[in-house]
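Breakdown of the fold
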Amino acid sequence: MIRVLQILTDSNIGGAGRLLVNYLHNFDKNAFEMLVVLPKGAELIPMVEAEGYAVREIENGRDKSFDMAAVGELKAIIREWKPDIVHCHSSFSGKLAAWLCGVTGRFYTRHCAFPQPKKLTTFPGKQINGLVNNTLSTHIVAVAQAAMDDLTVTGVNPKKITVIINGVEPMRETAEEEQAALRQSLGIEADDFVCGISARLEDYKGHTYLLQAAARLKESHPQLKYLIIGGGSEEAALKAEAEALGIMDIVRFTGFVYDVAPYYNIMNLSINCSIGTETSCLALSEGYSLGIPAVASDFGGNPYMVTDDWNGYLVPQRNPAALAEKISMIADDADLYRKLCIGAEESYGKKFTASAMTRQMEALYRKAVSDKK
């Protein structure tokens, strides 16, 4: 039995947390024993426990990559539990604690991609960053080629990096009666064409460009409605912008929801407007599992996720006009829409399942344990 300690410091449920739950759901429990470390009271705790795994809550390091007090807590857990592998998700504290405790299998997942500052891509910052990351981690998982590129440009040894594309469980299908009731509660008609974006309401997710695209299309395409699924620090600002654009009657802000499946089941098109951090987008994969095509910005890992004229279309980032053009093109052409729906479902089965992702991770864990013997 291989013992793996998973460390995540997010208090909310973001992409890293959802990805971890997908892993946990698919791991071979006869071969791997898991303990998950989360901040005290983290929103992810009930989801992890529902998968049958124990959670250890820590007092320090909440929503921080590095916190010296958290290092002490994590060292105590590592020494008590004695894992074969410590796998950190955006936790420098965890990486440092594992190294200080002499754990031989020190994993780190890079979940995001964004332009790197010059100080990390040039001497001496690149060399220092590379030395630190190459020392603290024995294996690094990048969830997209864009994430790997971010690492290597800042001095990380590419031989340590394995690209494993995010996979998801198929989204639950809801009954027609449930779909009709949700539409009615949201004021959405049965023949409306629903565009949805499921992402934290933060600036780097680019929601403003969808709102601007919606404003452009309001008069010419009255059948279009928009679901904004999620919560975040930009919620008030985005609602104010929608009000100023005169589109509050066609936009529905759901706030944070634990179960997004009912909303996906009434969506026709999945939108991603990211201008930062995006690698392999879970929301797009979840949509694909239901045969929902996508229109996404060309940032980060989105070009790997979306193939023009197969499962959706890419548009230039920060370009609401291009976004509006693709949305209207798909909504206006029933034959094209059906074609994209078929492509979306095909792409999910071929590239984005959680089970395929987890088998790759299990193989890495096994190799790490075998190599140290």
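Source: prediction; values computed, not measured. (Residues numbered from 1 in each chain as written. Predicted model: local features only at pLDDT ≥ 70, side-chain atom pairs only at ≥ 80, totals over all residues. Heavy atoms only, no water.)

Description of the pattern of salt bridges
Scanning the model with the defined rule gives 15 salt bridges in all. The partner of Glu362 in a salt bridge is Arg366, with the nearest N and O atoms 3.9 Å apart. Here Glu362 pairs with Arg366, and both are found in helix α16 (residues 354-371), just four residues apart, close to one helical turn. Its relative accessible area of 4% is what places Glu362 among the buried residues. The partner of Lys367 in a salt bridge is Asp371, and the shortest N-O contact between them spans 2.8 Å. Linking Lys367 with Asp371, this pair stays in helix α16, spanning four residues, or about one helical turn. (Salt bridge = Lys/Arg side-chain N within 4 Å of Asp/Glu carboxyl O. Helix = DSSP H or I, 4+ residues; strand = E, 2+ residues; numbered from the N terminus. Buried < 20%, exposed > 50% of the residue type's maximum accessible area, 1.4 Å probe, protein only.)

Comments concerning the nonpolar core
Membership of the largest hydrophobic core comes to 63 residues, with the highest contact counts inside it found for Phe27, Leu38, Leu227 and Tyr365. The dominant element in this core, judged by the number of residues it contributes, is α16, at seven residues. If you look at the next biggest cluster of nonpolar residues, it comprises 35 residues, including Ala214, Tyr226, Leu238 and Tyr337. (Core = buried A, V, L, I, M, F, W, Y, C linked by side-chain atoms within 4.5 Å.)

As for the packing of helix α9 (residues 207-217) against helix α10 (residues 235-245)
Close contact between α9 and α10 brings their axes to 10 Å; oriented N to C, the two are set at 15°. Between α9 and α10, the interaxial angle falls into the category roughly parallel. The crossing of α9 and α10 is right-handed. Of the residues in α10, those touching α9 at His207, Thr208, Leu211, Gln212 and Ala215 are Leu238, Glu241, Ala242 and Leu245. In the contact of α9 with α10, the residues fall into five nonpolar, three polar and one charged. (Axes fitted to C-alpha atoms, helices over the stretch in contact; angles between N-to-C directions. Parallel < 35°, antiparallel > 145°, perpendicular 65-115°, else oblique. Left-handed = near helix turned anticlockwise from the far one by under 90°. Contact = heavy atoms within 4.5 Å. Nonpolar A, V, L, I, M, F, W, Y, C, P; charged D, E, K, R; others polar.)

Some thoughts on the layout of surface pockets
Approximately 240 Å³ is the volume found for the second largest pocket. Lining the second largest pocket are 16 residues, and of these Gln179, Tyr264, Asn265, Ile266 and Met267 lie nearest its centre. Partitioned by chemical class, the residues of the lining of the second largest pocket number eight nonpolar, five polar and three charged. (1 Å grid on protein atoms, 1.4 Å probe; cavity = no way out; pocket = protein on both sides within 12 Å on 5 of 7 lines; lining within 4 Å. Points joined across faces, edges and corners; volume = space filled by probe spheres on them.)

Side note on the sheet that holds strand β6 (residues 139-142)
With parallel pairing, the seven strands of this open sheet are ordered in space as β3-β2-β1-β4-β5-β6-β7. Looking at the sheet topology across the chains shown, the edges are occupied by β3 (54-58) and β7 (161-163). Here the strands of the sheet are splayed against their neighbours by 25° on average, with no regard to which way each runs. Two elements, strand β2 (residues 32-39) and β3, share five bridges in a ladder whose sense is parallel. Counterpart to Leu38 in the pairing with β3 is Glu57. (Pairing = 2+ DSSP bridges.)

Purely spatial values, then, with no claim about function.
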